[in-house]
Every structure is written in structure tokens, then in C-alpha cells.
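# Tertiary structure, described
Given next are the chains, with one letter for each unit.
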Amino acid sequence: MKSNIKEMNIKELKVFFQNMGEPSFRAKQVFSWMHRGIFSFEEMTNLPKNLREKLDEVAEISHLEILKRQISKKDGTRKYLFGLHDGNAIESVYMQYKHGNSICISSQAGCRMGCRFCASTINGLQRNLTASEMVDQILMVEKDTASRISNVVVMGTGEPFDNYENLCRFLELIHDKDGLNMGLRNITVSTCGIIPKIKEFAKDYPQVNLAISLHAVEDNARSKLMPINQRYPMDDLLQVCREYIQQTGRRITFEYTLVAGVNDTPKHAQQLMSKLAGILCHINLIPLNAVKENQWTGTRREAAEQFAEILDKKGFPVTIRRELGSDISAACGQLRLNQKY
Ligand code: SAH
């Protein structure tokens, strides 16, 4: 079987080339071609022809297949459905902001966290994505848009902390200065609250932004929306958040998806504030994208604004997620769900 060398970091590539009897400086050359979005050895023009041919026999450079591409006429947001080599499909979203281009990537095909309102979890977890499949989402979108991406959010399908090793390898690969050279502070990882991994992440990647999905702060209510709360309840989660902030000195983003009539009343805003008092954070309100497979709907804009105002008045930094690509606003995970292979 050919090795997928995009999985390898430079150190491993050096060993790979040494084993082929090649000088180790080839590692950096090939690494930087691959991470510049070159998908064939043929195009690596600073390698001798016989080496390119040899590489073709023993190695392959992974890529994704574009199955679907939706482009917003309003703001250029693009939603991609990518096919993986084994028939699974994943989604990525490309967004343009004043400060640069951003991509939201998936970390798993499917998800086993079971959040009730989320389309990604409906058919459970198919499998973890490899590090190169995460990198390829960036490379494919950069190529397709002929643009550079400066910000990465791991907020697509999947729970990144349920795929921790591959996530860390992915972060290492995209941070490499010979590759995408992505600044750690330009990367955000979002979790539903897997406590042991939050602790590890504070040690492994203190500079990467951490976002935590809350959606409710009262244990019963949160467990109803997010089964993970039964395993890692609210007070334990908030304790680990305090430790995280103490260790890293970094602010945490709390995501709060507003579901009409479920968690969006002034009473819920009060509960949220009393739990988050004293925690260095930013609150990101996300009006729910309705998913046709379940019964819930999103909070209307005015009600979301009222909710935000209550928090704002008490000095909590809060934003309502800007609606990008509203004309292609199939909820997260829905393109994938409708894909029949
Ligand atoms: N598993 C991680 C990351 C993926 S979900 C996490 O839970 O954070 C990314 C964010 O999108 C989460 O806050 C999630 O709750 C939210 N989300 C999921 N489905 C949604 C929907 N239909 N509408 C709005 N937000 C949704």
C-alpha cells in the first residue's frame, strides 16, 4: 500500500526519505509543496525526475473530491460537501471577513455526542477524520477559491476532543512554518465540554482559542439538550474552565445556541450570568438553524437581541453570530445528511 505522506510531519518525512536513500532536505521540499496545495509529485519541479517517479510508486498525496459547492450570492460564503476515499462525506464552510478569510472544518464524519438539535449527530459517528483529511479541507478550499485562508475554526461536524490525537497532529501540521504557517491564535477549537481533554489542551495548545458549547447552564436543561452533560456536569465543567483560564491567561468563548422557547428567555439569561460571573469569557449567541429532522426552531432576531442586551448591560462581552450565507443556510450537517452514496 502506498503511504499517504501528507499525514507525516517533517521529522517523519525525513525518516521516510532517509529510508529511501535520499537526503533529508527533501522532507521540507515535499512538505512545503504538499501544504501549498500541490497534489501530484509531477508538479514538484525542484525534485529530480527519477525521484518524482519513485515517489509516485511508493507514496500518495491525499485529496478530497468536491461533491457539492453552494455559493452565497449575498456575501460569497461557500459551503462544500467533500467526498472521502471510503465514501463518507464531510462539510466545510468558507467565509470572508474584513480581517481575512476563514474556514470552518469538520473533525469527524458524523458525531456520537448526540446533541438533540444538531443534524451532524443524527446518524451517529461514522469515523474519525485523519489529520490530512482536516488539512485537505483547507487546501481544497484555498485552491477552489484561489485565496489564502487566515483563520481556522474546528466547529464543523464532529467533536474534536473525541478525536484528540488527530486534532493535535492537524494543529502541528498547519502551524508548521514550512507549510500553511497558520498562527495558533488564528485557530479556534470548539468542544461540547469533554473535561479531561480540556485539561490536556490547556497544556498542549494554550495559544489556540478554546470555545465551549453551553446552550444551557442548569444541569437538567443542559442534559436534555446535550447528553454529554450527564458525564461532565455544569459545575465540574465551569471549574475546569476557571483552571484553564488561570493556566493559560486566555479568554474562553462560550457558544450558546438560542432555541425558541427552550433556552432563550430572560430567566435563562439570568441563569447564564450567575453561572459565568467572574469567568474571563466571551459569549457567542447562535440562533438555531432549524433542522427538519427535529422539532426545534431558532430564536427570532429581536428576541436574540434582547437576550444579548441583558448580558451586555451587566458587562458580559456578547455577540450574536453574524449570519453569513443566509441564502444557503442549510443547517450544519444537513448537506451531508442528504447525501446518498
Ligand atoms: N462538537 C463541537 C463542535 C461542533 S458543533 C461542539 O459541540 O462545540 C459547533 C457549534 O454549532 C456548537 O456550538 C453546536 O452546538 C452548534 N450547532 C449545532 N447544530 C446547530 C444548529 N442546528 N443551529 C445552530 N447551531 C448549531
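Look up a bit, the structure's there.
Now for a description of the structure that goes with this document. The structure displayed is predicted, hence computed values, not measured ones.

### Topic: the site of the ligand
Not every one of the 17 residues close to the ligand is listed here, only the nearest: E159, S190, S213, H215 and N289. Contact between the ligand and G158: a nitrogen atom at 3.0 Å from a main-chain N or O atom of the residue. Residue T191 places a main-chain N or O atom 3.5 Å away from an oxygen atom belonging to the ligand. Bound to the protein, the ligand loses 95% of the 530 Å² it would expose on its own.

### Examining the environment of H282
With respect to the helices, strands and loops of the structure, H282 is situated in strand β13 (residues 281–287). In this structure H282 comes out as partly exposed when scored by relative accessible area, which is 22%. Once the C-alpha coordinates of H282 and F316 are considered, the two residues, 34 residues apart in sequence, prove to be 7.2 Å apart. Filtering out sequence-adjacent residues up to four positions away, H282 remains in contact with R251, I252, T253, F254, P317, V318 and T319. A polar contact of 2.8 Å, which involves the side chain of H282, links it to the side chain of T319.

### Details of the pattern of salt bridges
Evaluated as defined, the whole model comprises 21 salt bridges. As a salt-bridge pair, E293 and K292 come within 3.3 Å of each other at their nearest N and O atoms. The class for E293 is partly exposed, based on a relative accessible area of 38%. You can call K292 exposed: its relative accessible area is 60%. Here the salt bridges share partners, and the residues they tie into one network are K28, K177 and D178.

### A word on the nonpolar core
One finds F170, F201, F254 and L276 to be the most contacted residues of the largest nonpolar core, which totals 104 residues. If you count residues domain by domain, this core takes at least three from each of domain 1 (3–60) and domain 2 (65–328). In contact with F201, other than residues within four places in its own chain, are F161, Y164, L167, L171, V189, P206, V208 and L210. Core analysis: the next-biggest nonpolar cluster, separate from the first, contains 5 residues, V93, M95, C104 and V153 among them.

About the criteria used
Residues numbered from 1 in each chain as written. Predicted model: local features only at pLDDT ≥ 70, side-chain atom pairs only at ≥ 80, totals over all residues. Heavy atoms only, no water. Near = heavy atom within 4 Å. Polar contact = N/O pair within 3.5 Å; in protein donor to acceptor, adjacent residues only side chain to side chain. Areas by Shrake-Rupley, 256 points an atom, 1.4 Å probe, with all protein chains shown as cover. Helix = DSSP H or I, 4+ residues; strand = E, 2+ residues; numbered from the N terminus. Buried < 20%, exposed > 50% of the residue type's maximum accessible area, 1.4 Å probe, protein only. Contact = heavy atoms within 4.5 Å. Salt bridge = Lys/Arg side-chain N within 4 Å of Asp/Glu carboxyl O. Core = buried A, V, L, I, M, F, W, Y, C linked by side-chain atoms within 4.5 Å. Domains from an automatic or database assignment.

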